[in-house]
Amino acid sequence: MFLFLSKLLPLFIYPLGLSCILLVVALVMLWKKPRFAAIPIASALVILLVTSNSWVALLLMRSLEWQNTPNYIPQAEAIVVLGGSTRSQFFPRPGVDLSEEGDRVLYGAELYKQGLAPIIIVSGGRIAWRGSGSPESKDMAEILTQVGVPSSAIIEESNSYNTHDNAVNVKQILQTRGIKNILLVTSAMHMPRSLAIFKRQQIKAIAAPTDFLVSTNEFQEIQSSFEAKLLTLLPDSGSLHNFTRALKEYVGLIIYRLRGWV
């Protein structure tokens, strides 16, 4: 139940969900108190205009992504790659697909090929009510073998449904194998929460972020010309999506802190 509520309830405080609620309130007020209906309508408009602004979205994402930008990745005893980056093989997909976060799997493979750790632990299950298919760990393992990582170097952990589960279940594997330190691979935006959770489990985790959505180039692009600056002021669905992703991480940090997980 907690898993379901943790996915459902935050939807109503994200920009799109909150704006929809305000518009529903406005419809009710038009029927009973039409003089005040403009208040929730204006509030919904302001929320959408602000959160779909490129500048606002980039700054919020950067506040998360640039927290862990190591200049040097040391060697460790294992690489842990968190799930949330694959789509199972269903028609008409010819095989397992990588999602936007698929850089996690590819970067884990790259670190392995650089000789920074002898094994890769892929962690992630598949929530039944959010689609069926193979566990994410199995899908990630399939991609890893396709890019040249031997199956003997891959350990699958398929019982995790959130980041806290990842840390708890991976800890059991580490203890069984006597592993003391790991390279933690996940999306840069997801890294602050992930790293805090793993450290809460007393796992010596070294951040190895990937899937950066914000670089110095993005800021240069939106300042490069008058046209670019003008476009940043206009509503953009991509910026709204990115703002929501970043907000989701901050909401997750609050919820996990209340649960005592970070």
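The following refers to the structure shown. (Residues numbered from 1 in each chain as written. Predicted model: local features only at pLDDT ≥ 70, side-chain atom pairs only at ≥ 80, totals over all residues. Heavy atoms only, no water.)

Remark: helix α7 (residues 163–177) packs on helix α8 (residues 191–200), axes separated minimally by 9 Å, with the N-to-C direction vectors making an angle of 40°. At the point where α7 passes α8, the crossing takes the right-handed sense. Within the contact between the two elements, α7 uses Thr163, His164, Asn166, Ala167 and Val170 and α8 uses Arg193, Ser194, Ile197 and Phe198. Here the contact of α7 with α8 is composed, by residue class, of 4 nonpolar, 4 polar and 1 charged. (Axes fitted to C-alpha atoms, helices over the stretch in contact; angles between N-to-C directions. Helix = DSSP H or I, 4+ residues; strand = E, 2+ residues; numbered from the N terminus. Left-handed = near helix turned anticlockwise from the far one by under 90°. Contact = heavy atoms within 4.5 Å. Nonpolar A, V, L, I, M, F, W, Y, C, P; charged D, E, K, R; others polar.)

Turning to the sheet that holds strand β5 (residues 154–157), a few remarks are in order. If you walk across this open sheet you meet the 5 strands as β5-β4-β1-β6-β7, and the pairing is parallel. The open sheet has two edge strands with one neighbour each: β5 and β7 (204–207). Averaged over neighbouring strand pairs, the angle between their axes works out to 30° when direction is ignored. Relative to strand β4 (residues 120–123), strand β1 (residues 78–82) runs parallel, the two sharing 4 bridges. (Pairing = 2+ DSSP bridges.)

Further remarks concern the pattern of salt bridges. Across all of its chains, the model carries 4 salt bridges by this definition. Taking the shortest distance from any N to any O, the salt bridge between Asp139 and Arg126 comes out at 2.6 Å. Taken as a pair, Asp139 in helix α6 (residues 136–146) and Arg126 in the loop between β4 and α6 lie far apart in primary sequence, 13 residues in all. As a salt-bridge pair, Glu249 and Arg193 come within 2.9 Å of each other at their nearest N and O atoms. With Glu249 in helix α11 (residues 237–258) and Arg193 in helix α8, this residue pair connects regions lying 56 residues apart in the sequence. What makes Arg193 buried here is its relative accessible area of 8%. (Salt bridge = Lys/Arg side-chain N within 4 Å of Asp/Glu carboxyl O. Buried < 20%, exposed > 50% of the residue type's maximum accessible area, 1.4 Å probe, protein only.)

A word on the side chain of Ser239. The topology assignment puts Ser239 in helix α11. Given a relative accessible area of 7%, Ser239 falls into the buried group. Sequence-distant contacts of Ser239, defined by excluding residues within four places in its chain, comprise Thr51, Ser52, Asn53, Ser54 and Ala57.

Here we take up the layout of surface pockets. Where empty space is left can be seen by rolling a probe of water-molecule size over the atoms. Estimated volume of the second largest pocket: approximately 170 Å³. Lining the second largest pocket we find Ser54, Ala57, Leu58, Met61, Leu213, Glu218, Glu221, Ile222, Asp236, Gly238, Ser239 and Asn242. Contributions of two or more residues to the lining of the second largest pocket are made by α4 (54–65), α9 (216–221) and α11. The leading source of residues in the lining of the second largest pocket is α4, at 4 residues. (1 Å grid on protein atoms, 1.4 Å probe; cavity = no way out; pocket = protein on both sides within 12 Å on 5 of 7 lines; lining within 4 Å. Points joined across faces, edges and corners; volume = space filled by probe spheres on them.)

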